[in-house]
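This is what each chain is made of:
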Amino acid sequence: MPLVSMNELLPKAKANKYAVGQFNMNNLEFAQAIVDAAEELKSPFIYGVSEGALKYMGIEFTVALAEAAAKKSGLPIALHLDHGSSFEVAMKCIRAGFSSVMFDGSHHSFEENIRLTKEVVKAARAMGVSVEGELGTIGGVEDDISVDEENASLAKPEEAIRFYEETGVDCLAIAVGTAHGMYAGEPNIRFDIIQKVSSAIPVPVVLHGGSGVPDEMIRQAIAAGVGKINVNTENQVACTDAIREALNKDAKIYDPRKYLTPARKAMVEVVKSKIQLFGSSNQA
Ligand code: 13P
């Protein structure tokens, strides 16, 4: 099966009150672990690729890995640019074979964010590619993007609704209190904002910073209208913990397969638990 746009996945999720996971791909083992978990649970999913991960893997390898996963599994899989910073990067990804892009104009003024997002939507739509927009600033650290708590600002529901109406994005990430990375305590998620925005627009709200959010809060977020949830850090932690454990156990290991196999297994478990929690099993 070829890669699909998020429009093959998200309208169904919103209508049936489950969420599709965006699992970030950082290397071959991430790509394999994510698709293996989804295959076992017959779940659709989205490979998220940040600009940093794109630089690390190279655009050709990134697209080839996602296409291989779709071909091998027969699952509906979207390959999505995560936090695209410019029109140019979005177009480069589309030309290379991405089926979906995020344009993150949240650091621009509200009006400028609308203007720039509209340009991406117009070009992407012509190619059958879906677009995610962002409003408000999501805290935490992801690759080169770092937003401290003071500068993280929640989305205003009226602005989010107008942003959707003017841009026509296929899903909308709004800052509602989650952050990229792990949490020191529990996040304070504004379910009221999710509810207000989601009930006023036809497309799902996206929850970034899905790692470390307690299960009950995830269920509540989905009930309030979240239809896409992003997870990266939990897989990174599981991967690195497994590698550390393998190396600590045997200091003489030199074959990377000896420590990458347990790392991949650990990530399969993380992704399976998220798919079950998000309710997307058997929706492929
Ligand atoms: P976490 O790393 O906190 O899971 O967030 C991932 C994310 O939101 C990617 O955009």
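Just above sits the structure.
Because the structure is predicted, anything quoted here is derived from the model rather than measured.

Undergrad: Explain the state of the cysteines to me, and be specific about the residues and the numbers.
TA: Here the structure, examined in full by the defined rule, presents zero disulfides. Left without a disulfide partner, Cys-93 is nearest to the cysteine sulfur of Cys-171, which lies 16 Å away. Note on Cys-93: relative accessible area 0%, which makes it buried.

Undergrad: Describe unusual backbone geometry, and please don't skip the residues or the numbers.
TA: Unlike most non-glycine residues, Lys-17 shows phi in positive territory, near 55°. Mapped onto the secondary structure, Lys-17 falls in the loop between α1 (10-16) and β1 (20-24). Of note, the phi angle at His-83 is positive, near 55°, even though the residue is not glycine. Position of His-83 among the secondary structure elements: in strand β3 (residues 77-84).

Undergrad: Before we move on, can you summarise the site of the ligand with the specific residues and values?
TA: Looking at the ligand, there are 15 residues lining it, with Asp-82, Gly-209, Ser-211, Asn-232 and Thr-233 nearest. The side chain of His-83 places a nitrogen or oxygen atom 3.4 Å from an oxygen atom of the ligand. Between the ligand and Thr-233, the relevant distance is 2.5 Å, taken from an oxygen atom to a side-chain nitrogen or oxygen of the residue. For the ligand, the accessible surface in isolation is 300 Å², of which the surrounding protein chains cover 99%.

Undergrad: Kindly report on the side chain of His-180, identifying the contributing residues and their values.
TA: For His-180, the location among the structural elements is in strand β9 (residues 179-180). What makes His-180 buried here is its relative accessible area of 13%. One polar contact links His-180 to His-83, side chain to side chain, over a distance of 3.3 Å. Of note is the side chain of His-180, whose polar atom sits 3.4 Å from the side chain of His-208.

Undergrad: Describe the packing of aromatic side chains, with residues and values.
TA: Applying the stated rule across the entire model yields two aromatic pairs. Ring centres of Phe-23 and Phe-278 lie 6.5 Å apart, and the angle between their planes is 10°; on these two criteria the pair is classed as stacked. Placement of Phe-23 in strand β1 and of Phe-278 in helix α11 (residues 256-278) is noted, with a sequence separation of 255 residues between them. Overall, the relative accessible area of 2% leaves Phe-278 in the buried class. Centroid distance Phe-45 to Tyr-47: 4.8 Å. Interplanar angle 90°. Geometry classified as edge-to-face.

Undergrad: If you had to explain the nonpolar core to someone new, which residues and values would you point to?
TA: Side chains that are nonpolar tend, in soluble globular proteins, to be buried together. Counting residues in each nonpolar core, the largest one holds 82 residues, and the members touching the most others are Tyr-47 and Ile-174. Element by element, the count of residues in this core is highest for helix α2 (residues 28-41), at eight residues. Contact partners of Tyr-47, with chain neighbours within four places excluded, come to Gln-22, Phe-23, Met-25, Ala-31, Ile-34, Val-35, Ala-66, Ala-69, Ile-77, Ala-78, Leu-79 and His-80. Membership of the second largest hydrophobic core comes to 13 residues, among which are Ala-13, Tyr-18, Met-102 and Val-206.

Undergrad: Would you mind going over the sheet that holds strand β10 (residues 205-207) in detail, with residue names and values included?
TA: With parallel pairing, the eight strands of this closed barrel are ordered in space as β1-β2-β3-β4-β5-β8-β10-β11. The sheet shows a mean angle of 25° between the axes of neighbouring strands, direction not considered. Here β3 pairs with strand β4 (residues 100-103) via three bridges, running parallel. Each bridged residue has a counterpart across the sheet, and for Gly-84 the counterpart in β4 is Phe-103. The strands that α2 touches are β1, β2 (45-50) and β3; relative to β2, the one it contacts most, it runs at about 165°.

Undergrad: With reference to specific residues and values, describe the pattern of salt bridges.
TA: A side chain with one charge can pair with a side chain of the opposite charge if their charged atoms come near. This structure, assessed with the given rule, holds 16 salt bridges. Two residues, Glu-39 and Lys-72, come together in a salt bridge whose shortest N-O distance is 2.7 Å. Of this pair, Glu-39 sits in helix α2 while Lys-72 sits in helix α4 (residues 59-73), and the two are 33 residues apart along the sequence. Salt-bridge contacts for Asp-255 lead to Arg-257; the nearest nitrogen and oxygen are separated by 2.9 Å. A relative accessible area of 17% places Asp-255 in the buried class.

Undergrad: Quick one: what's the story with the environment of Val-20, residue by residue and with numbers?
TA: Relative to the assigned elements, Val-20 resides in strand β1. The buried category is assigned to Val-20, whose relative accessible area is 0%. Leave out the neighbours within four places in its chain, and Val-20 touches Leu-9, Leu-10, Ala-13, Pro-44, Phe-45, Ile-46, Gly-227, Lys-228 and Ile-229.

Undergrad: Residues and numbers for the packing of helix α6 (residues 110-126) against helix α7 (residues 157-167), please.
TA: Here α6 crosses α7 at 35°, and the two axes come no closer than 9 Å. In the packing of α6 onto α7, the handedness of the crossing is right-handed. Where α6 approaches α7, its residues Phe-110, Glu-111, Asn-113, Ile-114, Thr-117, Lys-118 and Val-121 are matched on the opposing element by Glu-159, Arg-162, Phe-163, Glu-166 and Thr-167. When its residues are assigned to classes, the contact of α6 with α7 shows four nonpolar, three polar and five charged.

Reading guide: rules and limits
Residues numbered from 1 in each chain as written. Predicted model: local features only at pLDDT ≥ 70, side-chain atom pairs only at ≥ 80, totals over all residues. Heavy atoms only, no water. Disulfide = S-S within 2.5 Å. Buried < 20%, exposed > 50% of the residue type's maximum accessible area, 1.4 Å probe, protein only. Helix = DSSP H or I, 4+ residues; strand = E, 2+ residues; numbered from the N terminus. Near = heavy atom within 4 Å. Polar contact = N/O pair within 3.5 Å; in protein donor to acceptor, adjacent residues only side chain to side chain. Areas by Shrake-Rupley, 256 points an atom, 1.4 Å probe, with all protein chains shown as cover. Phe/Tyr/Trp six-rings, centres within 6.5 Å; stacked < 30°, edge-to-face > 60°. Core = buried A, V, L, I, M, F, W, Y, C linked by side-chain atoms within 4.5 Å. Contact = heavy atoms within 4.5 Å. Pairing = 2+ DSSP bridges. Axes fitted to C-alpha atoms, helices over the stretch in contact; angles between N-to-C directions. Salt bridge = Lys/Arg side-chain N within 4 Å of Asp/Glu carboxyl O. Left-handed = near helix turned anticlockwise from the far one by under 90°. Nonpolar A, V, L, I, M, F, W, Y, C, P; charged D, E, K, R; others polar.

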